[in-house]
Amino acid sequence: GESVGLHLPTLSVQEGDNSIINCAYSNSASDYFIWYKQESGKGPQFIIDIRSNMDKRQGQRVTVLLNKTVKHLSLQIAATQPGDSAVYFCAENMGSNDYKLSFGAGTTVTVRA
Amino acid sequence: NAGVMQNPRHLVRRRGQEARLRCSPMKGHSHVYWYRQLPEEGLKFMVYLQKENIIDESGMPKERFSAEFPKEGPSILRIQQVVRGDSAAYFCASSSRVMNTEAFFGQGTRLTVV
């Protein structure tokens, strides 16, 4: 399953398939990006981050891709599991401060059994 | 090692009352960040504090909102004379250094103003 466009609030994906969540960021000066996962009633949980001097970074079952030319960020989740159901946020640093993050509106991922 | 602890988890206040939200950072963390999340939206930065110091409060509304992180005890986010528009989830994060991958978020306080 894949979310497309600037913002698609929901993504439904079959268990075992790969998920792609897209995010368009706004600030050309941003040089640090993070993906967070937020489960219902909980705080955001760090998934993976990437600096602007990279265009790809891989973690466990997740890959983040950064395209600075079009200011686009994506999160790929391999072999999506029911536990991956959550809201996913991309965040960018605001200016030169890593601590000051600007979050997108989020994409709700629902995994179908 | 307990995570970032926020309390209360849920808080209901009538318009005009004061709301106090508490955040105990992870052990060894001296950097605290507060974010606000309105329904169906992403988190918005409010303030960054180190022990006894406000480093950046550029995201805080100019009136009614204040934050502190005393030498002893939790960080407090205080909202005076609450209005319905203050209803949101307030999240605190802490880190041992300026926010990076080591920052952890608490579970948030959900404030409802009636």
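This section reports on the structure supplied with the text. A quick note: this is a predicted structure, and the numbers were derived from the prediction, not measured.

The next point concerns the overall build of chain B. What chain B contains, in helices and strands, is zero helices and eleven strands. Ordered by position in the sequence, the α and β elements of chain B form the string β-β-β-β-β-β-β-β-β-β-β. Expected size for 114 residues packed as a compact globule is a radius of gyration near 13 Å; at 13 Å, chain B falls within 12% of this value. For chain B, the C-alpha atoms occupy an extent of roughly 35 × 25 × 25 Å along the three principal directions.

This part covers the state of the cysteines. Covalent bonding between the sulfur atoms of two cysteines defines a disulfide. Residue and element names in this part refer to chain A. Here the structure, examined in full by the defined rule, presents two disulfides over all chains. Bridging Cys 23 to Cys 90, the disulfide has an S-S length of 1.6 Å. Disulfide Cys 23-Cys 90: the torsion about the S-S bond is 40°, which places it as right-handed. Residue Cys 23 is found in strand 2 (residues 19-24), and its partner Cys 90 is found in strand 8 (residues 86-94); the two are separated by 67 residues along the sequence. Residue Cys 23 shares its accessibility class with Cys 90, and that shared class is buried.

What follows deals with the layout of surface pockets. Taken as a whole, the largest pocket holds about 430 Å³ of empty space. Contributing to the lining of the largest pocket are 22 residues, with Val87(A), Gln37(B), Pro39(B), Glu40(B) and Glu41(B) lying nearest its centre. Broken down by secondary-structure element, the contributors of at least two residues to the lining of the largest pocket are strand 8 and strand 10 (107-112) of chain A together with strand 9 (88-95) and strand 11 (109-113) of chain B. In terms of residue count, strand 11 of chain B provides more of the lining of the largest pocket than any other element does, three residues in total. Class assignment for the residues of the lining of the largest pocket results in nine nonpolar, eight polar and five charged.

About the criteria used
- Within every chain, residues take consecutive numbers counted from 1 along the sequence as written.
- The order in which chains are written sets their letters, starting at A; the order in which ligands are written sets their numbers, starting at 1.
- Confidence filtering applies because this is a predicted model: local features only for residues at pLDDT of at least 70, side-chain atom pairs given and counted only at 80 or more, and all residues used for totals across whole chains, interfaces and linings.
- Excluded from the side-chain calculations are hydrogens and water; all other atoms, namely the structure's heavy atoms, are used.
- Runs of H or I in DSSP of at least four residues are treated as helices and runs of E of at least two as strands, each being numbered from the N terminus.
- Every radius of gyration here is taken over C-alpha atoms, with the globule rule written as 2.2 Å times N^0.38, N being the number of residues.
- In plain terms, two cysteine sulfur atoms within 2.5 Å form what is called a disulfide here.
- Only protein chains enter the accessibility calculation, which uses a 1.4 Å probe; a residue whose area is less than 20% of its type maximum is buried, one above 50% is exposed, and one in between is partly exposed.
- Here a cavity means grid points, on a 1 Å grid over the protein atoms only, where a 1.4 Å probe fits yet cannot get out; a pocket means an open set of points with protein on both sides within 12 Å along at least five of seven lines; lining residues are those with an atom within 4 Å of a point.
- Grid points are joined across faces, edges and corners, and a volume is the space filled by probe spheres set on the points.
- Put simply, Ala, Val, Leu, Ile, Met, Phe, Trp, Tyr, Cys and Pro go in the nonpolar bin, Asp, Glu, Lys and Arg in the charged bin, and everything else, Gly too, in the polar bin.

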